[in-house]
Amino acid sequence: SGDGNAGVAGAGSMAPAITPATAPRRVLLAGVDFTGAGHDRGRMSAPVVIVELSDFGCPYCGEFARETFPAIDRDYVQTGKVLFKYVPFVAGTFRHSREATRAAECAAEQGQFWTMADRVFETQREWRRGNAADAQMAALAGTTGVDSARFAVCYADRHTDARTARATDLADQLGVRITPSFLVNDRPVQGALPLAEFRKVIDAALLAATVER
């Protein structure tokens, strides 16, 4: 692991999400085009965009998801101040991460990405230790309300792996070595910062956006 709040090479409750009613916003940060990548949450025209590059197998990503994200979601995303883009990728260092990511992407095809992400992070210790990741993911998906047969077909044919490959390529373009890693507008943030520190970064970005207007 890295500095005590990061894993070396995400979402508490992520649900319910605000469903985007418009086409994906163009998101170009730090010279990398994230448009259409990952999963968006919040108002498309929000003044601040946060991109999280996260690995479902990373313990510190799970810590951020459970302990920090719920407050950020409540205070910034749900209030229209932040568009949060969650980009799950596979760093290659965490056990069963690939299966967890595939499961979340298949749940996403039935509108249940955020619910599945919650389930995956809530049970992270169990499925990382287990030896039946495929069965564990199917069982988790069954708790989200997805059609289990559709989920099974998606999971088996692995077509969502192309999305994950793109996300991993984006992480490579940014040189991500710590998970989770964030871009808050163009400011890089590495590791699962404590909530108070993350608030400072977001508030500074909101202030800068207000000045620019």
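Before reading further, recall that the structure is shown in the block above.
Residues numbered from 1 in each chain as written. Predicted model: local features only at pLDDT ≥ 70, side-chain atom pairs only at ≥ 80, totals over all residues. Heavy atoms only, no water.

Tallied over the entire structure, the rule returns one disulfide. Two residues, Cys106 and Cys154, share a disulfide whose sulfurs are 2.1 Å apart. Because the sign of the S-S torsion sets the handedness, a value of about -85° for the bond joining Cys106 and Cys154 places this disulfide among the left-handed ones. Placement of the pair is Cys106 in helix H2 (residues 97-108) and Cys154 in helix H6 (residues 148-157), with a sequence separation of 48 residues. (Disulfide = S-S within 2.5 Å. Helix = DSSP H or I, 4+ residues; strand = E, 2+ residues; numbered from the N terminus.)

This paragraph deals with the sheet that holds strand S4 (residues 39-41). Spatial ordering of the open sheet is given by S4-S6-S5-S8-S9, a layout of five strands whose pairing is mixed. Taken across any chain shown, the strands that pair with only one partner, and hence form the sheet edges, are S4 and strand S9 (187-190). Strand after strand, the sheet turns through a mean of 20° between neighbouring axes, direction not considered. Two elements, strand S5 (residues 48-54) and strand S8 (residues 181-184), share four bridges in a ladder whose sense is antiparallel. Paired with Val51 across the bridge in S8 is Leu183. (Pairing = 2+ DSSP bridges. Axes fitted to C-alpha atoms, helices over the stretch in contact; angles between N-to-C directions.)

With that settled, consider the pairing of S5. Among the seven residues of S5, seven are classified as buried, and the element is accordingly described as predominantly covered. Where S5 meets strand S6 (residues 82-88), seven bridges bridge the pair, whose relative direction is parallel. Bridged to Ser54 within S6 is Pro88. Between the parallel elements S5 and S6, the chain passes through helix H1 (residues 59-77) in a crossover that is right-handed. (Buried < 20%, exposed > 50% of the residue type's maximum accessible area, 1.4 Å probe, protein only. Right-handed = clockwise from strand over helix to strand, strands pointing away.)

We now examine the pattern of salt bridges. In a structure, side chains of opposite charge can pair up when their charged atoms sit close to one another. One pass over the full model with this rule turns up seven salt bridges. In this structure, Asp40 and Lys85 form a salt bridge, with 2.7 Å as the shortest nitrogen-oxygen distance. Linking Asp40 in strand S4 with Lys85 in strand S6, this pair joins segments that are 45 residues apart in sequence. Lys85 gets classed as buried once you look at its relative accessible area, which sits at 0%. One salt bridge in this structure joins Asp75 and Arg199, with 2.8 Å as the shortest N-O distance. Of this pair, Asp75 sits in helix H1 while Arg199 sits in helix H8 (residues 195-212), and the two are 124 residues apart along the sequence. (Salt bridge = Lys/Arg side-chain N within 4 Å of Asp/Glu carboxyl O.)

Take it as geometry only, folks, not as evidence of what the structure does.
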